[in-house]
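What the coordinates show
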Amino acid sequence: MEQIKFESVYKELFPFWSEISVNEREYICQNSIATTYLKGTNIHDGSECSGVIFVCSGCLRVYIMSEEGKEITLYRLHRGDMCMLSASCVLQAITFDVLIDAEDNSECYVISGPAFAKISAQNPKIKIFSLETAVSRFSDVMWVMQQILFMSMDKRLAIFLLNESIRINSDVIPFTHAQIASYMGSAREVVSRMLKYFSNEGIVEVSRKGVKIVDKKRLRRLTF
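Conventions and cut-offs
- The residue numbers shown here count from 1 along each chain, following its written sequence.
- Owing to the predicted nature of the model, reporting of local features is limited to residues with pLDDT of at least 70; listing and counting of side-chain atom pairs is limited to 80 or more, with chain, interface and lining totals taken over all residues.
- Remark: hydrogens and water are excluded; side-chain values derive from all non-hydrogen atoms of the structure.
- Put simply, DSSP H or I for four residues or longer makes a helix, DSSP E for two residues or longer makes a strand, and each gets a number counted from the N terminus.
- Each residue is assigned to one of three classes by its accessible area relative to the maximum for its type, calculated with a 1.4 Å probe on protein chains only: buried under 20%, partly exposed between the two thresholds, exposed over 50%.
- What makes two residues a contact is simply this: any of their non-hydrogen atoms within 4.5 Å.
- Areas reported as accessible are Shrake-Rupley estimates using a 1.4 Å probe. Residue values count occlusion only from the protein chains shown.
- Charged residues are defined here as Lys and Arg on the positive side and Asp and Glu on the negative side; His and the ends of the chain fall outside this count.
- Charge positions are represented by NZ for Lys, CZ for Arg, CG for Asp and CD for Glu.
- What a helix should span is 1.5 Å times the count of its residues minus one.
- Two strands qualify as a pair provided DSSP detects at least 2 bridges between them.
- To get an axis, fit a line to the C-alpha atoms, keeping to the stretch in contact for a helix; angles then go from 0 to 180 degrees between the N-to-C directions.
- Here a polar contact is taken to be a pair of N or O atoms separated by no more than 3.5 Å, where protein atoms must pair a possible hydrogen donor with a possible acceptor and residues adjacent in sequence count only if both atoms sit in side chains.
- For salt bridges, the criterion is a side-chain nitrogen of Lys or Arg within 4 Å of an Asp or Glu carboxyl oxygen.
- In this description, a nonpolar core means a group of buried Ala, Val, Leu, Ile, Met, Phe, Trp, Tyr and Cys residues linked to one another through side-chain atoms lying within 4.5 Å.

A word on the overall build of the protein. If you tally the helices and strands in the protein, you get nine helices and 11 strands. Looking at the 224 residues of the protein, the share that counts as buried comes to 45%. Counting only contacts in the protein whose residues sit at least 6 apart along the sequence, the fraction spanning at least 24 positions is 69%. About 12100 Å² of surface is accessible on the protein, with carbon and sulfur atoms providing 52% of the total. Here the protein contributes 26 positively and 26 negatively charged side chains, and the mean placements of these two sets differ by 8 Å.

With that out of the way, let us pick up the environment of Lys216. For Lys216, the position within the fold is in helix H9 (residues 216-221). In sequence terms Lys216 and Leu162 are 54 residues apart; their C-alpha atoms lie 8.0 Å from each other. Leave out the neighbours within four places in its chain, and Lys216 touches Leu162, Ser165 and Asp171.

Okay, helix H6 (residues 153-168) next. For H6, with 16 residues, the first-to-last C-alpha span of 22 Å sits near the 22 Å given by 1.5 Å per residue. By the burial criterion, the buried members of H6 are Met153, Arg156, Leu157, Ala158, Ile159, Phe160, Leu161, Leu162, Glu164 and Ser165. Phi turns positive, to about 55 degrees, at Asn169, one or two residues after H6.

This paragraph deals with the sheet that holds strand S2 (residues 42-44). One open sheet accounts for four strands, arranged S2-S7-S4-S5; its pairing is antiparallel. The two strands at the open ends of the sheet, each matched to only one other strand, are S2 and strand S5 (71-77). Going from strand to strand, the sheet's axes swing by 35 degrees on average, the running direction of each strand aside. Relative to strand S7 (residues 99-102), S2 is paired through two bridges, and the arrangement is antiparallel. The residue bridging Asn42 from the neighbouring strand is Asp101, located in S7. Along the sheet face, helix H7 (residues 177-184) touches strand S4 (60-65) and S5 and points at about 80 degrees away from the line of S5.

With respect to the helices and strands, the residue Tyr63 is situated in strand S4. Looking at Tyr63, the relative accessible area reads 3%, which means it is buried. With sequence-adjacent residues up to four places away left out, Tyr63 is seen in contact with Asn42, Glu71, Ile72, Thr73, Leu74, Val98, Leu99, Ile100 and Asp101. Separated by 3.0 Å, the side chains of Tyr63 and Asp101 make a polar contact.

The next subject is the pattern of salt bridges. Think of it this way: side chains of opposite charge can pair up when their charged atoms draw near. A full pass over the atoms with the stated rule returns 13 salt bridges. One salt bridge connects Arg61 with Glu103, and the closest N-O pair in it is separated by 3.9 Å. Here Arg61, found in strand S4, pairs with Glu103, found in the loop between S7 and strand S8 (106-111); they are 42 residues apart in sequence, far enough to count as distant. You can call Arg61 buried: its relative accessible area is 5%. When its relative accessible area of 10% is taken as the criterion, Glu103 is described as buried. The partner of Arg167 in a salt bridge is Glu164, and the shortest N-O contact between them spans 3.0 Å. Taken together, the positions of Arg167 and Glu164, both in helix H6 and three residues apart, correspond to about one turn of that helix. Three or more residues are tied together by salt bridges with common partners; here these are Arg61, Glu71, Arg76, Glu103, Glu164 and Arg167.

You will see that Asn169, though not glycine, has its phi angle at about 55 degrees, which is positive. Examined against the element boundaries, Asn169 turns out to sit in the loop between H6 and strand S9 (172-173).

Take the nonpolar core next. Tyr10, Phe14, Leu60 and Phe116 are the most contacted members of the largest nonpolar core, which totals 42 residues. No other element matches strand S3 (residues 52-57), which puts five residues into this core. What Phe116 contacts, discounting residues up to four positions off in sequence, is Phe14, Phe16, Val52, Met84, Val90, Ile111, Ile126 and Ser130. Of all hydrophobic cores here, the second largest spans 21 residues; its members include Leu162, Ile180, Tyr183 and Val204.

Given below as structure tokens:
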């Protein structure tokens, strides 16, 4: 029953599925598990080949961390998204480590990294798909790097608040200053000063519940 469930999803997910052998398809399904990660769980710490992760529901955050513990969010994975960067044994050319946390309770399918690497080594079409999937995420990574290197803090914070508002479908962003700083790869003091400025300008309201956007038009103008 589990194999039938996996195969119905993988048939839609993988463009190579109909072109590989029945034995290869069975091998991938046999080395897949369905699991639920609770909110706040660290799924991948960068030290092992955790496997290929497919998100059925929920949200995962992919980020990097400095030796001092400073975090930068690279991108998020939602329903229908897949992560190859958690399978370092499949993509050995990618040498930097990423970490993955569950931002919400998340149901996922996970294909064993060594199993997927074995099939990938035997079939160039799977290898090409793996590389293309990983490369497609680098536009998100470069966008984050561009913000950090070239954008002013007020613009970066405005973009972050608007994006989070869209993501959670609410004008109240339920994050602390420290959490926002962590997601943005900045210092809490810098975020607090900028939020105070936004608050004084009547753009946001800051409380224990988080940050409430009260003038979305002015906040959006800061992003230009």
